[in-house]
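What follows is each chain in one-letter form.
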Amino acid sequence: MVGVLFVCLGNICRSPMAEGVFRHAVDQAGLDDRVTIDSAGTGPWHVGKPPDERGRATMARNGIDISGQRARQVAPDDFTAFRYILAMDRDNLDTLHRAAPKTHRDRVRLFLDFAANDGVTDVPDPYYGGPEGFEAVYALVEDAAAGLLRQIRKNDL
Ligand code: 4NP
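Residues numbered from 1 in each chain as written. Predicted model: local features only at pLDDT ≥ 70, side-chain atom pairs only at ≥ 80, totals over all residues. Heavy atoms only, no water.

Novice: What should I look at first to understand the overall build of the protein chain in this one?
Specialist: For the protein chain, the helix and strand inventory stands at five helices and four strands. Considered along the principal axes of its C-alpha atoms, the protein chain spans approximately 40 × 35 × 30 Å. Taking all 157 residues of the protein chain together, 47% fall into the buried category. Counted over contacts in the protein chain with a minimum sequence separation of 6, partners at least 24 positions apart contribute 73%. Of the roughly 7,800 Å² that the protein chain leaves accessible, carbon and sulfur atoms contribute 48%. In the protein chain, 19 side chains carry a positive charge and 23 a negative one; their mean positions are 4 Å apart. (Helix = DSSP H or I, 4+ residues; strand = E, 2+ residues; numbered from the N terminus. Buried < 20%, exposed > 50% of the residue type's maximum accessible area, 1.4 Å probe, protein only. Contact = heavy atoms within 4.5 Å. Areas by Shrake-Rupley, 256 points an atom, 1.4 Å probe, with all protein chains shown as cover. Lys, Arg positive; Asp, Glu negative; His and termini not counted. Charge placed at Lys NZ, Arg CZ, Asp CG, Glu CD.)

Here's what the structure looks like:
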């Protein structure tokens, strides 16, 4: 099994969408029994809550239901349980790098490292903006999810 953990700040906007898009791609590829997928936040504020309704709406328009997800905070065990710990932006990357044991630091990467559109490093936080921010998140996440799946097929399966 290969574990993939998507991480943002609140675990209610970006990383739940990344989890949903990547799970959909893995299911479509018939690899759901080979890849474990989850998401978490570096912050504690929204623990137990479902994804933001604007993100749920964007995902539903694309045929993906993420309403069953519940926010949780990153835990120490995550650094050993997951092979890929993918930060949505550089702030969260820094937080994860500080929290990771030295031996597992290379598991922590930027999610957009896997995107075809290089030069963009951060999935912008859509929390305080309008619905268009969630559409932008979807486009970035879809691109990077495809690249991540290619990489995992090549290196880990
Ligand atoms: P996320 O978005 O990190 O993509 O889940 C945010 C959600 C909540 C907050 C910040 C970002 N907040 O400050 O409560």
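Back to the write-up after that little detour.
Novice: Just checking my understanding: could you explain the packing of helix H1 (residues 14-28) against helix H2 (residues 53-61) for this structure?
Specialist: When two helices pack together, their arrangement is given by the angle between the helix axes and the distance between those axes. Packing of H1 against H2 brings their axes to within 10 Å, and their N-to-C directions diverge by 20 degrees. The orientation of H1 relative to H2 falls into the category roughly parallel. The two elements H1 and H2 cross, and the hand of that crossing is right-handed. Together, Met17, Gly20 and Val21 of H1 and Gly55, Thr58 and Met59 of H2 make up the contact between the two elements. Looking at the contact of H1 with H2 residue by residue, the class counts come to three nonpolar, three polar and no charged. (Axes fitted to C-alpha atoms, helices over the stretch in contact; angles between N-to-C directions. Parallel < 35°, antiparallel > 145°, perpendicular 65-115°, else oblique. Left-handed = near helix turned anticlockwise from the far one by under 90°. Nonpolar A, V, L, I, M, F, W, Y, C, P; charged D, E, K, R; others polar.)

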